[in-house]
Amino acid sequence: MTVLDDWVTAVCAELGLDPAEVSVPTVLDLARDVAHQVVRPGAPVTAYLLGVAVGRGADPATAAARLSGLAAEWPIELGGGRPDRLASGGS
């Protein structure tokens, strides 16, 4: 197990969740997409919002795919976290 696996297992135990129901790669991919294509602080906020949506019944994979698609289409002039902006000092 990795440190991340240990952490997810501990968090799930604390929150009464089944670790088998947590798709870590899905959440990490979504966070990467938002951090790189929109803005870095948007990654944890988006992950939280995904969790809220899933808690209200949304399918995790479908919701994450929709949000990744939204991030991919985010206009460069609105996104502060694109790699080209990072190189020029954008946030």
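These notes cover the structure that comes with them. It should be emphasised that the depicted structure is a prediction, and the values quoted were computed from it without experimental measurement. (Residues numbered from 1 in each chain as written. Predicted model: local features only at pLDDT ≥ 70, side-chain atom pairs only at ≥ 80, totals over all residues. Heavy atoms only, no water.)

**Considerations on the environment of Val45**
Mapping Val45 onto the fold places it in helix 3 (residues 42-55). For Val45, a relative accessible area of 47% translates into the label partly exposed. Sequence separation of Val45 and Val34 is 11 residues, and the distance between their C-alpha atoms is 9.6 Å. (Helix = DSSP H or I, 4+ residues; strand = E, 2+ residues; numbered from the N terminus. Buried < 20%, exposed > 50% of the residue type's maximum accessible area, 1.4 Å probe, protein only.)

**So, the pattern of salt bridges**
Counted under the stated rule, the structure contains two salt bridges. In this structure, Asp29 and Arg32 form a salt bridge, with 3.3 Å as the shortest nitrogen-oxygen distance. Placement of the pair is Asp29 and Arg32 together in helix 2 (residues 24-37), with a separation of three residues, close to one helical turn. Residues Arg32 and Asp33 are paired through a salt bridge, measuring 2.9 Å at the closest nitrogen-oxygen approach. On the basis of relative accessible area, Arg32 is assigned to the partly exposed category, the value being 41%. According to the relative accessible area criterion, Asp33 is buried, its value standing at 14%. Because the salt bridges share partners, they merge into one network encompassing Asp29, Arg32 and Asp33. (Salt bridge = Lys/Arg side-chain N within 4 Å of Asp/Glu carboxyl O.)

**Looking at the packing of helix 2 against helix 4 (residues 60-72)**
In contact at an axis separation of 9 Å, helix 2 and helix 4 are set at 15° when each is read in the N-to-C sense. Regarding the angle of helix 2 to helix 4, the classification is roughly parallel. The crossing of helix 2 and helix 4 is left-handed. Note on element contacts: helix 4 touches helix 2 through Pro60, Ala64, Leu67, Ser68, Ala71 and Ala72, opposite Thr26, Leu30, Asp33, Val34 and Gln37. Considered class by class, the residues forming the contact of helix 2 with helix 4 number seven nonpolar, three polar and one charged. (Axes fitted to C-alpha atoms, helices over the stretch in contact; angles between N-to-C directions. Parallel < 35°, antiparallel > 145°, perpendicular 65-115°, else oblique. Left-handed = near helix turned anticlockwise from the far one by under 90°. Contact = heavy atoms within 4.5 Å. Nonpolar A, V, L, I, M, F, W, Y, C, P; charged D, E, K, R; others polar.)

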